[in-house]
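Topology and contacts: notes
Residues per chain are reported as follows:
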Amino acid sequence: MDSATPGTRPGHLIWLTLWLGLGYAALGGGALALAGPPGYASPLYPPAGLALAAALTYGPAAMPGAWLGAFLVNAGLGLVRGQSGLALVTLPALIALGAAAQAGLGAYLMRRVVGPQVVLNAPRDIALGGLLGGPLACTVSTTVATLALGVTGAVPWAQAGANWLVWWSCDTLGALIATPLALTLIGHP
């Protein structure tokens, strides 16, 4: 069991989930303070990079923490907006699924194309890693969130395209800027 990926042992998984979830929520809350109307997307969203770095470091074990963090951010936003009941749980849960899937897909693509140990120390690896973990993977959370916001009526369908573009750009910038910083702080691979 000692040879397991860090964070995959049961006790470590709980701590990883809690710390990643709380770190994601803290960064996300700060980022949303910069959001313009309707307030669901910020100009820069560093939690996308934190989640990607955790997925690169800990693999699928990081997904529950990414989900928890995204859920907390969006449930908090729902509370501020006066939502209650099922609406306060459903929309944040759907958005959180997209955020966790985005981090997982980004890590998968980067490992598949750049290599199993994503070090990002060569120009080719930096360019491919940035493209795959940033603009490409960030379409997942953006699309899931935009659909969820539209279906629930939180954002009018007429604003869906603009919301999608803002959400995608803020997640992409967050992934491109925060992932290398988070990987440096985590100290992996």
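These notes cover the structure that comes with them.

Relative to the helices and strands, Gly-76 is located in helix H3 (residues 63-80). In this structure Gly-76 comes out as partly exposed when scored by relative accessible area, which is 30%. Residues Gly-76 and Leu-88 lie 12 residues apart in sequence; the distance between their C-alpha atoms is 8.8 Å.

The subject of this paragraph is the nonpolar core. With 38 residues, the main nonpolar core has Tyr-24, Tyr-45, Leu-52, Leu-56, Ala-62 and Val-73 as its most contacted residues. For this core, the secondary-structure elements that each account for two or more residues are helix H1 (10-32), helix H2 (47-58), H3, helix H4 (86-114) and helix H7 (160-186). Beyond its immediate chain neighbours, meaning those up to four positions away, Tyr-24 contacts Tyr-45, Pro-47, Leu-50, Ala-51, Ala-66, Gly-69, Ala-70, Val-73 and Ala-99. Counting seven residues, the second largest nonpolar core, distinct from the first, contains Leu-91, Ala-145, Leu-149 and Trp-167.

What follows deals with the packing of aromatic side chains. Here the distance between the centres and the angle between the planes together describe a pair of aromatic rings. A complete count under the given rule lists four aromatic pairs for this structure. Geometrically, the ring pair formed by Trp-67 and Phe-71 is stacked, given 5.1 Å between the ring centres and 10° between the ring planes. With Trp-67 and Phe-71 both in helix H3, this residue pair falls four residues apart, about one helical turn. The class of Trp-67 is partly exposed, set by a relative accessible area of 29%. Relative to Trp-168, the ring of Trp-164 lies with its centre 6.1 Å away and its plane at 5°, an arrangement referred to as stacked. Of the two residues, Trp-164 and Trp-168 both sit in helix H7, four residues apart, roughly one turn of that helix. The exposure class of Trp-164 is partly exposed, given its relative accessible area of 27%.

About the criteria used
- Residues numbered from 1 in each chain as written.
- Predicted model: local features only at pLDDT ≥ 70, side-chain atom pairs only at ≥ 80, totals over all residues.
- Heavy atoms only, no water.
- Helix = DSSP H or I, 4+ residues; strand = E, 2+ residues; numbered from the N terminus.
- Buried < 20%, exposed > 50% of the residue type's maximum accessible area, 1.4 Å probe, protein only.
- Core = buried A, V, L, I, M, F, W, Y, C linked by side-chain atoms within 4.5 Å.
- Contact = heavy atoms within 4.5 Å.
- Phe/Tyr/Trp six-rings, centres within 6.5 Å; stacked < 30°, edge-to-face > 60°.

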